[in-house]
Amino acid sequence: MKTILLPFLTFSESAQGRVVPPSGFTARLTVLTAAAMAFLAVFALALSLATGRLAERWGNELARASTVRISAPEDQVDAQIKAALDVLNTTPGVASARVLSRDEEMALLEPWFGPSLPVDTLPLPALIEVIETAEGYDGEGLRLRLAGEAPGAVLDDHSRWRRPLIKAASRLRFLGYVSLILIAGVTAGMITLAANAALAANAQVIRTLRLVGATDSYIARAFERRFTLRGFTGAVIGAFFGTVAVALLPSAQLEGGFLTGLGFSGLQWFWPCVIPPLAGFVAFLATRFAALQTLRRLM
Amino acid sequence: MIEFHDAGYGYGGRELLTEMTLSLAPGSFHFLTGPSGTGKTTFLKLCYRELQATAGRVSILGQDTRDMGRDEVAQLRRKIGVVHQDCQFLDHLSLGENVALPLTVADRPRDDQDLVDLLAWVGLTEQIKAKPPELSGGERQRAALARAVIMSPDVILADEPTGNVDWEMSLRLLQLLIELNRMGKTVVIATHDMHLIRQAKSQVPARVLRISNRRIQQAGADL
Ligand SMILES: Nc1ncnc2c1ncn2[C@@H]1O[C@H](COP(=O)(O)OP(=O)(O)OP(=O)(O)O)[C@@H](O)[C@H]1O
Ligand SMILES: [Mg+2]
């Protein structure tokens, strides 16, 4: 006996596997459906992982995206900074607001002007870093209030337009997961139907097995073994082609990274390998459930 | 071994067997006779709990059949060898595999030499690889007997085991059952064949149960 991957999945021409006659057509149909479902599962998985990556990256960029710049006559700067901070600290959706020190400002400017910037001689505007909560603030409202309280304050929130996209990406990831669950459910349902058909077709065989002392779980195992193997085999085929198809997608790494490649990255390529054992497990559970139910009924 | 206490059975409310009180002692040898349709097969089915008594109580190997779980029934069947009147086989397996089926489903190892010896005894050595549909009625019946005894059960219930075989083969099968009985096994044979009963009585203290008027009676010595 050769055991592969799963303990309950033993490849063998053992007597137990053979007590139920082979059934060509439903067998092939089960393998085919499992393959199709695994193929779809690879795409749902790719979608979930890619949108997850996207949402995470954009979210990180967004977290420290906004600044308020104060450009005012020298004698008003401190008053306006204070006014702007008051506004920000009372704005819902703002987690914190903090005046950047001169060193921090220089660090921000360095990429553009190089380290030898004669910063002391430059009239740098004061910058307030705004960190948002997860819900975010109302940009227009904040802009209006700032205009009223601190006329020299300019809200710079140029990356905030991505916020709805992040929401969409998260929603898409969620839908991807829902699809995976649905695919597992459909697979389980389909295997249950196939197993029920096989049990019904073998009612006479089951009767004979019972007469010679076979327990329900013995008979159920004979069917489980089969459908687990079929679900697994089909899923291997489907997952393989699905992964190849994802690998062949044009890499959509556009400038600016608006679209990340809709595929897997790095270790994520191992995720499709999880699909066949999972399909086998789903098939195993579905068949066991169907068999024990039916056997109880077929007294 | 098997006890009936005022047991009865009816298909769909129509009473077929009633007021059966009897006990099949360990090591006993019984024949069961009666006209066709009187319930011989039904009685045997009560003995291996294919059917459950609709009245009274039946206990098999010390177990009350009423409160037996499904797995207990399966375990029970392994201790009772049954030759079914309609000889059910798995048509996709060879005769040898069919005869060894009780061992297979009990996850017991199968000794191929024992299987060959057993098949030789019922004269089916040649057919070991044949599929059941390719066998004659008599061959199937002999195979059914071989399958019934392969687990070395305590009780052997045979429903017309000689229905389709010639006299010589009947005697041979009877001889096998008598041998088993001498080894201490309880044997019940349903049959119409009075010659067979007489033949057996000359070798073992066989008793005859007769079904008549919906009841089971011990037939007299005269038969
Ligand atoms: N599953 C069933 N449902 C309804 N009636 C049945 C069923 N099985 C048997 N019967 C009826 O019960 C009666 C007894 O049947 P049984 O098979 O026990 O007779 P038998 O004595 O073995 O007959 P034979 O000698 O022909 O084998 C018959 O009248 C038969 O029609
Ligand atoms: Mg009968």
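Residues numbered from 1 in each chain as written. Chains lettered and ligands numbered in written order. Predicted model: local features only at pLDDT ≥ 70, side-chain atom pairs only at ≥ 80, totals over all residues. Heavy atoms only, no water.

## Focus on the overall build of chain A
For clarity, the threshold we go by: Working definition: helices are DSSP H or I runs of at least four residues, strands are E runs of at least two. Numbering for both runs from the N terminus. In this scheme, a residue with accessible area under 20% of its type's maximum is buried, one over 50% is exposed, and one in between is partly exposed, where area comes from a 1.4 Å probe on protein chains only. By definition in these notes, contact holds between two residues if any of their heavy atoms fall within 4.5 Å. Throughout, the Shrake-Rupley method with a 1.4 Å probe supplies accessible areas, and for residues the shown protein chains are the sole cover considered.
On a plain count of helices and strands, chain A comes out with 9 helices and 6 strands. Taken across its 299 residues, chain A has 44% of its residues classed as buried. Within chain A, contacts between residues separated by at least 24 positions form 82% of all contacts whose residues are at least 6 apart in sequence. Counting every atom, chain A has about 16,000 Å² of accessible surface; 67% of that belongs to carbon and sulfur.

## Thoughts on the sheet that holds strand β3 (residues 29–33) of chain B
Residues and elements named next belong to chain B. Heads up, the rule is: Only strands joined by at least two bridges in the DSSP assignment are considered to pair. Simply put, an axis is a line fit to the C-alpha atoms, just over the touching stretch for a helix, and the angle between two N-to-C directions goes from 0 to 180 degrees.
Read across the open sheet, the 6 strands follow the order β6-β7-β8-β3-β9-β10; overall the sheet is mixed. Of all strands in the sheet, those bounded by a partner on one side alone are β6 (80–83) and β10 (215–218). For this sheet, the mean inter-axis angle between neighbouring strands, taken without regard to orientation, is 20 degrees. Pairing analysis gives 5 bridges linking strand β7 (residues 155–159) to strand β8 (residues 186–190), with the strands arranged parallel. Directly across from Asp159, in β8, lies its bridge partner Ala190. Strand contacts of helix α2 (residues 70–79): β6 and β7, with the helix running at about 75 degrees to β6, the strand carrying the most contacts.

## Brief notes about the interface of chain B and chain A
To keep things clear, this is the line we draw: Buried area: the accessible surface (1.4 Å probe) lost by two parts on joining, summed over both. What counts as a salt bridge is simple: a side-chain nitrogen of Lys or Arg found within 4 Å of a carboxyl oxygen of Asp or Glu. Pairs of N or O atoms are called polar contacts if they sit within 3.5 Å, as long as, within protein, a hydrogen donor faces a hydrogen acceptor (for residues adjacent in sequence, only side-chain-to-side-chain pairs). Residues are sorted three ways: Asp, Glu, Lys and Arg are charged, Ala, Val, Leu, Ile, Met, Phe, Trp, Tyr, Cys and Pro are nonpolar, and all the rest, Gly among them, are polar.
The interface is formed by 22 residues belonging to chain B together with 23 residues belonging to chain A. Taken together, both faces of the contact between chain B and chain A bury some 1,900 Å²; the carbon and sulfur share is 55%. The interface formed by chain B and chain A includes 4 salt bridges. Across the pair Asp216 of chain A and Arg70 of chain B runs a salt bridge, and its minimum N-O distance is 2.7 Å. Linking chain B with chain A are 9 residue pairs in polar contact (both at pLDDT 80 or more), by the criterion used here. For the side of chain B that touches chain A, the secondary-structure elements that each account for two or more residues are α2 and α4 (101–105) of chain B. Here the side of chain B that touches chain A is composed, by residue class, of 8 nonpolar, 5 polar and 9 charged.

## So, the pattern of salt bridges
Pairs can form between side chains of opposite charge whenever their charged atoms are close. Per the stated rule, a full pass over the model turns up 15 salt bridges over all chains. The salt bridge involving Arg98 of chain A is made with Glu129 of chain A; its shortest N-O contact spans 3.5 Å. Note that Arg98 of chain A is positioned in strand β4 (residues 94–99) and Glu129 of chain A in strand β5 (residues 126–132), a separation of 31 residues in sequence. Residue class for Glu129 of chain A comes out buried when judged on its relative accessible area of 8%. Between Arg110 of chain B and Asp112 of chain B there is a salt bridge, with its nearest N and O atoms 3.1 Å apart. Accessibility expressed as a relative area gives 41% for Arg110 of chain B, which makes it partly exposed.

## Remarks on helix α8 (residues 194–201) of chain B
Residues and elements named next belong to chain B. This is how it is decided: Within this analysis, the arc is defined by the directions that extend from the helix axis to the C-beta atoms.
Leu196, Ile197 and Ala200 are the residues of α8 that are buried. Buried positions in α8, seen along its axis, are confined to an arc of 100 degrees and lie on one side of it. Residues of α8 that are exposed and point more than 90 degrees away from the buried face comprise His195 and Arg198. The inward-facing, buried residues of α8 contact β3, α7 (167–182) and β9 (207–212).

## Points about the coordination of the magnesium ion (ligand 2)
All names here are of chain B. We apply this condition: Because no water is among the atoms considered, metal sites can look incomplete, with donors defined as N, O and S atoms within 2.8 Å of the metal, or 3.2 Å for Na, K and Ca.
Protein coordination at the magnesium ion (ligand 2) comes from Thr41 (OG1) and Gln85 (OE1), with a distance range of 1.8 to 2.2 Å. On the criterion of sequence distance, the pair formed by Thr41 in helix α1 (residues 40–47) and Gln85 in the loop between β6 and α3 (95–99) is long-range, its members being 44 residues apart. In this structure Thr41 comes out as partly exposed when scored by relative accessible area, which is 24%. Residue class for Gln85 comes out partly exposed when judged on its relative accessible area of 41%.

## Here we look at the nonpolar core
Residues and elements named next belong to chain B. Note the cut-off: To qualify as a nonpolar core, a set must consist of buried Ala, Val, Leu, Ile, Met, Phe, Trp, Tyr and Cys residues joined through side-chain atoms within 4.5 Å.
Core analysis: the biggest nonpolar cluster contains 43 residues, and Phe29, Phe31, Val99, Leu119, Ile150, Leu174 and Ile189 have the highest contact counts within it. Among the elements that line this core, the one with the most residues is α7, at 7 residues. Beyond its immediate chain neighbours, meaning those up to four positions away, Leu119 contacts Leu95, Gly96, Val99, Leu124, Thr125, Ile128 and Ala146. Membership of the second largest hydrophobic core comes to 32 residues, among which are Met20, Leu46, Met68 and Ile80.

## A look at the UniProt feature "transmembrane region" (unreviewed entry) in chain A
All names here are of chain A. Inclusion rule: UniProt positions are given in the numbering used here, feature names are shortened, and annotations may be inferred rather than shown by experiment.
Under the local residue numbering, the UniProt record ascribes the feature "transmembrane region" (unreviewed entry) to residues 27–50, 172–195, 227–249 and 269–291. Between the end C-alpha atoms of residues 27–50 the distance is 35 Å, and the span holds 100% helix and 0% strand. The span residues 269–291 carries 91% helix and 0% strand; its end-to-end C-alpha distance comes to 35 Å.

## A short note on a nonpolar patch on the surface
The criterion, for reference: Note that patches include only residues with greater than 30% relative accessible area and no salt bridge, and the join distances are 9 Å for like charges and 5 Å for nonpolar side chains (Val, Leu, Ile, Met, Phe, Trp, Tyr).
On the surface, a cluster of nonpolar side chains totalling about 560 Å² of accessible area is made up of Val236, Ile237, Phe240, Phe241, Val244 and Leu248 of chain A. Within the secondary structure, Phe241 of chain A sits in helix α8 (residues 216–247).

## Thoughts on the confidence of the model for chain A
Residues and elements named next belong to chain A. Our working rule: As a per-residue measure, pLDDT tells how confident the predictor is, with possible values from 0 to 100.
When the pLDDT values of chain A are averaged, the result is 81; 83% of them are 70 or greater. Segment residues 1–13 is flagged for pLDDT under 50; beyond a separation of four residues in sequence, or across chains, it makes 23 contacts in the model. Within the model, pLDDT remains below 50 along residues 254–258, and this stretch shows 7 contacts once partners closer than five positions in the same chain are excluded.

## Some thoughts on the packing of helix α6 (residues 163–201) of chain A against helix α9 (residues 271–297) of chain A
Residues and elements named next belong to chain A. The cut-off we apply is this: Throughout, the term roughly parallel applies to angles under 35 degrees, roughly antiparallel to angles over 145, roughly perpendicular to angles from 65 to 115, and oblique to all others. Here is the rule for handedness: rotate from the far helix to the near one, and if that takes an anticlockwise turn smaller than a right angle the crossing is left-handed, while a clockwise turn gives right-handed.
Relative to each other, α6 and α9 sit at 40 degrees, their axes nearing to 8 Å. Relative to α9, the element α6 is oriented oblique. Note on packing geometry: the crossing formed by α6 with α9 is right-handed. Residues Ala184, Thr187, Ala188, Ile191, Thr192, Ala195, Asn196 and Leu199 of α6 form the contact with α9, whose own contacting residues are Val282, Ala283, Ala286, Thr287, Ala290, Ala291 and Thr294. Grouping the amino acids of the contact of α6 with α9 by side-chain chemistry returns 10 nonpolar, 5 polar and no charged.

## Thoughts on the packing of aromatic side chains
Under the convention used in this document: Aromatic pairs are defined between Phe, Tyr and Trp rings, using the six-membered ring for Trp, whenever the two ring centres lie within 6.5 Å; interplanar angles under 30 degrees are classed as stacked, those over 60 as edge-to-face, and all others as tilted.
For the structure shown, the criterion picks out 6 aromatic pairs over all chains. Judged by centre distance (5.2 Å) and plane angle (75 degrees), the rings of Phe240 of chain A and Phe241 of chain A are edge-to-face. Phe241 of chain A gets classed as partly exposed once you look at its relative accessible area, which sits at 48%. Relative to Phe43 of chain B, the ring of Phe4 of chain B has its centre 4.8 Å away and its plane inclined at 20 degrees; by these criteria the two rings are stacked. Highlighted residues: Phe4 of chain B in strand β1 (residues 2–11) and Phe43 of chain B in helix α1, separated in sequence by 39 residues. The pair Phe4 of chain B / Phe43 of chain B is uniform in exposure class, with both members buried.

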